[in-house]
Amino acid sequence: MTTHFADLVRPDRASTRLYTDDAIFAAEMEKIFSHTWVWVAHVSEIPNPGDFKTAKVGLQPVIVTRDRAVQIHVLLNRCRHRAATLCEARAGHVNSLICPYHGWSYALDGSLRGVPYEKGYGTDFDRGEFPLISLRTEQYAGLIFATFDETIMSLDEHLGGAKKWLDLFMKQGGGYPIKVMGEHKFRFPGNWKIQLENTTDAYHFPIVHKSFLTAVDAEMEQQMDMLNSGGWVEDLGNGHSVAVMMPDLVDLDDNLDAPIPVRFQTLADELAKDHTPQEVRRLVRAVGGAGFNLNMFPNLACSMAFFRVLQPVAVDETEIRHVALGMDGGPPAANRARMRIHEFFQGPMGFGSPDDAEVWDRVQRGAQGGRDLWLMLHRGLAHEAENPDGHRVSDVSAETGMRAAYRKWRDMMAP
Amino acid sequence: MIQSDLFPLVSFLWLEADLLDGGEYDDWLALWTADGKYVVPIDPKATDFENTLNYAYDDHELRSKRVARLRSGQSVSASPIARTVRSQSRFRLLSSGENWFEIRCAQFLVESRRERERYYAADVTHRLISTDAGFRIDQKVIRLINSTDTLDGIGYIF
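Residues numbered from 1 in each chain as written. Chains lettered and ligands numbered in written order. Predicted model: local features only at pLDDT ≥ 70, side-chain atom pairs only at ≥ 80, totals over all residues. Heavy atoms only, no water.

### Points about the overall build of chain A
Step number 1: Across its full length, chain A carries 13 helices and 22 strands.
Step number 2: What you see for chain A is a C-alpha radius of gyration of 23 Å, in line with the 22 Å of a compact globule of 415 residues.
Step number 3: Taking the contacts inside chain A whose residues are at least 6 apart along the sequence as the reference set, 64% of them involve residues at least 24 apart.
Step number 4: Accessible area for chain A stands at about 17,000 Å²; split by element, carbon and sulfur atoms hold 51% of it.
Step number 5: Each charge class in chain A can be summarised by its mean position, and for the 43 positive and 55 negative side chains these summaries are 4 Å apart. (Helix = DSSP H or I, 4+ residues; strand = E, 2+ residues; numbered from the N terminus. Rg over C-alpha atoms; globule rule 2.2 N^0.38 Å. Contact = heavy atoms within 4.5 Å. Areas by Shrake-Rupley, 256 points an atom, 1.4 Å probe, with all protein chains shown as cover. Lys, Arg positive; Asp, Glu negative; His and termini not counted. Charge placed at Lys NZ, Arg CZ, Asp CG, Glu CD.)

### Structural notes on the layout of surface pockets
Step number 1: In this model, the second largest pocket occupies a volume close to 1,200 Å³.
Step number 2: What lines the second largest pocket is a set of 37 residues, among which A:Arg90, A:Ala91, A:Glu183, A:Lys185 and B:Thr148 lie closest to the centre.
Step number 3: Within the residue set of the lining of the second largest pocket, elements represented by two or more residues are β4 (51-57), β5 (60-66), β7 (91-93), β13 (178-188), β18 (306-314) and β19 (317-327) of chain A.
Step number 4: Here the lining of the second largest pocket gets six residues from one element, more than from any other, and that element is β4(A).
Step number 5: A breakdown of the residues in the lining of the second largest pocket according to their chemical character gives 14 nonpolar, eleven polar and twelve charged. (1 Å grid on protein atoms, 1.4 Å probe; cavity = no way out; pocket = protein on both sides within 12 Å on 5 of 7 lines; lining within 4 Å. Points joined across faces, edges and corners; volume = space filled by probe spheres on them. Nonpolar A, V, L, I, M, F, W, Y, C, P; charged D, E, K, R; others polar.)

### Some remarks on the sheet that holds strand β2 (residues 13-15) of chain A
Residue and element names in this part refer to chain A.
Step number 1: Pairing is antiparallel across the open sheet formed by three strands, whose spatial order is β1-β2-β20. What marks the edges here is a single partner per strand, and that holds for β1 (9-10) and β20 (374-376).
Step number 2: Direction of pairing for β2 relative to β20: antiparallel, over a ladder of three bridges. Across the sheet, Ala14 pairs through a bridge with Leu375, a residue of β20. (Pairing = 2+ DSSP bridges.)

### Thoughts on the pattern of salt bridges
Step number 1: Under the defined criterion, the tally for this structure stands at 35 salt bridges over all chains.
Step number 2: Note that A:Lys53 is salt-bridged to A:Glu45, the shortest N-O span being 3.3 Å.
Step number 3: When the shortest N-O distance is used, the salt bridge between A:Arg392 and A:Glu384 registers 3.0 Å.
Step number 4: For A:Glu384, a relative accessible area of 14% gives the class buried.
Step number 5: Through salt bridges with shared partners, a single ionic network connects A:Glu358, A:Asp361, A:Arg362, B:Arg113, B:Arg114 and B:Arg116. (Salt bridge = Lys/Arg side-chain N within 4 Å of Asp/Glu carboxyl O. Buried < 20%, exposed > 50% of the residue type's maximum accessible area, 1.4 Å probe, protein only.)

### A word on the interface of chain B and chain A
Step number 1: Taken together, the contact pairs 31 residues of chain B with 32 residues of chain A.
Step number 2: Between chain B and chain A lies a buried interface of about 3,000 Å² when both sides are counted; carbon and sulfur atoms form 50% of it.
Step number 3: Our count for the chain B to chain A interface comes out at eight salt bridges.
Step number 4: For A:Arg336, the salt bridge goes to B:Glu50, with nearest N and O atoms at 3.6 Å.
Step number 5: Taken together, the links from chain B to chain A amount to 27 residue pairs in polar contact (both at pLDDT 80 or more).
Step number 6: Ranked by residues supplied to the side of chain B that touches chain A, first place goes to helix α3 (residues 60-72) of chain B with five residues.
Step number 7: Here the residues of the side of chain B that touches chain A sort into twelve nonpolar, ten polar and nine charged. (Buried area = accessible area lost by both parts, 1.4 Å probe. Polar contact = N/O pair within 3.5 Å; in protein donor to acceptor, adjacent residues only side chain to side chain.)

### Notes on the side chain of B:Gln88
Step number 1: Looking at the secondary structure, you find B:Gln88 in strand β3 (residues 83-96).
Step number 2: One polar contact links B:Gln88 to B:Gln107, side chain to side chain, over a distance of 2.9 Å.

### Things to note about the sheet that holds strand β5 (residues 116-131) of chain B
Residue and element names in this part refer to chain B.
Step number 1: Read from one edge of the open sheet, six strands run β2-β1-β6-β5-β4-β3, paired in mixed fashion. Every other strand in the sheet has two partners, leaving β2 (54-58) and β3 as the edge strands with one partner each. Taken pair by pair, the neighbouring strands of this sheet meet at an average axis angle of 20 degrees, ignoring direction.
Step number 2: Looking at chain direction, strand β1 (residues 32-41) and β2 are connected through four bridges and run antiparallel. Residue pairing across strands places Pro41 opposite Asn54, the latter belonging to β2.
Step number 3: Across the sheet, α3 touches β1 and β2, and the angle it forms with β1 is around 70 degrees. (Axes fitted to C-alpha atoms, helices over the stretch in contact; angles between N-to-C directions.)

### Describing the environment of A:Phe344
Step number 1: Position of A:Phe344 among the secondary structure elements: in helix α11 (residues 332-345).
Step number 2: A:Phe344 gets classed as buried once you look at its relative accessible area, which sits at 17%.
Step number 3: Each C-alpha atom, one on A:Phe344 and one on A:Asp257, is 27 Å from the other, the two residues being 87 residues apart in sequence.
Step number 4: The residues touching A:Phe344, leaving out its near neighbours within four places in the chain, are A:Phe212, A:Ala215, A:Val216, A:Gly350, A:Phe351, A:Gly352 and B:Leu62.

### Topic: the packing of aromatic side chains
Residues and elements named next belong to chain A.
Step number 1: Scanning the model with the defined rule gives 27 aromatic pairs over all chains in all.
Step number 2: Each ring, one from Phe205 and one from Phe212, has its centre 6.5 Å from the other, and the planes form 90 degrees; the classification is edge-to-face.
Step number 3: Owing to a relative accessible area of 9%, Phe205 belongs among the buried residues under this scheme.
Step number 4: A relative accessible area of 3% means that Phe212 is categorised as buried. (Phe/Tyr/Trp six-rings, centres within 6.5 Å; stacked < 30°, edge-to-face > 60°.)

### Side note on the pairing of β19(A)
All names here are of chain A.
Step number 1: Along β19, nine of the eleven residues are buried, which leaves the element largely enclosed by surrounding structure.
Step number 2: Bridging between β13 and β19 involves ten bridges; their strand directions are antiparallel. Within β19, the residue paired with Lys179 across the bridge is Gly326.
Step number 3: Sheet topology places β18 next to β19; eight bridges connect them, and they run antiparallel. Bridging from a neighbouring strand, Phe307 pairs with Val323 of β19.
Step number 4: Remark: two residues form the turn of the hairpin made by β18 and β19, two consecutive strands paired antiparallel.

### So, the nonpolar core
Step number 1: In this structure, A:Val40, A:Trp192 and A:Trp409 are the most contacted members of the largest nonpolar core, which totals 46 residues.
Step number 2: Broken down by element, this core gets its largest block of residues, six residues, from helix α13 (residues 400-413) of chain A.
Step number 3: Not counting residues within four places of it along the chain, the set of residues in contact with A:Trp409 comprises A:Phe5, A:Leu8, A:Val9, A:Leu18, A:Ile24, A:Glu28, A:Ile32, A:Lys193 and A:Phe297.
Step number 4: Of all hydrophobic cores here, the second largest spans 43 residues; its members include B:Tyr25, B:Leu29, B:Cys105 and B:Ala122. (Core = buried A, V, L, I, M, F, W, Y, C linked by side-chain atoms within 4.5 Å.)

This is the structure in structure tokens:
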């Protein structure tokens, strides 16, 4: 079947088949996920030589390692002999990677070190011919990305307009480096792009998360009144976008004289034992997280106080990880507060995520009907304008971020 | 056959299980001590729950909010609330003191919602305090055997 991918996306809409067509999903895994920068880890997950974690680039399993020279490597998790995965643990510490099938062993940089009974291969066997496939790996702000494509632009150029927002996001370390404190993983029976769209979709928040808004105090409810707080959505180029829901919380080092919210007063009192009043204000502001969601095409979002990582599984199945972040070496009380905030909204038992998962599931079910209909992405288009950076901007409830992502989708699927 | 000395404890746990499956949440909330914690950990080895990321770490206020959310009709994932049936067996008294007991059991829960059935197996450990009004739950820890795997949305109370 020939699919003309370019016909499936228009500036203000996308075809329903993008959620339901197996052939499109297979093409996406190749044309998108094998040819762009895919987020695989944060540096704090592999702090020491010998540390590793496993991840995926599209559907392909990889191992992220730190070798003895503290270099980070992203290696295809597939023995060069007969393909077995070298490692199924999610994370850990090793000296080398040894295949469980016939014992081929690899160093942490992927080079083949040992082959049992090597003479069975004859005298011209060259270990240098069979290293683990090593992906191109680059970092920005502690985020590790990898790609199979040696020819694409640098990570720096790829992130482009998103870098400013990443720098702002990392300020929630409150003066400490950001560290990963754990993650909530859940899945929903739907296409990965349904989740991708959601990160810069403030329009859904007061509807889907009404029960969450009922559970918070009045001060926070007002803060979360994101459709009436002067926010905006900005197309950052390369498929990335940012939704600024709480403009007061864009730069966490600003407004340090603002009063401490009631819900953080107990924390502030505890921090005051070991910190100056100015430090307390900075830490408390950092604990609450940033006032925006940054969406980076195709698989990572920096969403207020956590990373949201999407992992396509099948055309109608997606895994989501909400990675909790803390202050590395920061006050335990501040990190406890961040974990409690994360547990409250996120994950399979949070007060927010299950409702997101439910409506995404409903999108996938509804998309089984009327496959010739369009997904409408035109909200906020009429008043969209260019800002001084040359970025398209519209109001906070606009679908500007989705239009940006689907334009990138079309560029990659139908170059 | 339950050992006779365990029977009062087991009866209490079965009552709790029945209240949760039956949606009798006010009675369930009343079973707790004032400082009691409802915990669903992620890390199978976690014991310092306060300093660890969990799925749920509820004090009385959060338990009450969880119940309010289930009843509110505002949560699309809890409208309707999943139906659940849970069974508990393999009870073992881990430790006890003058007026407290730590008891672990196996729990198997079947969830049904929108024509989907899902299953969760867990080790459930209760710390129960004996009071004049009967047992009260001081801590309940639900260790799902697949806690580090990817879960589906869970809009009810384990």
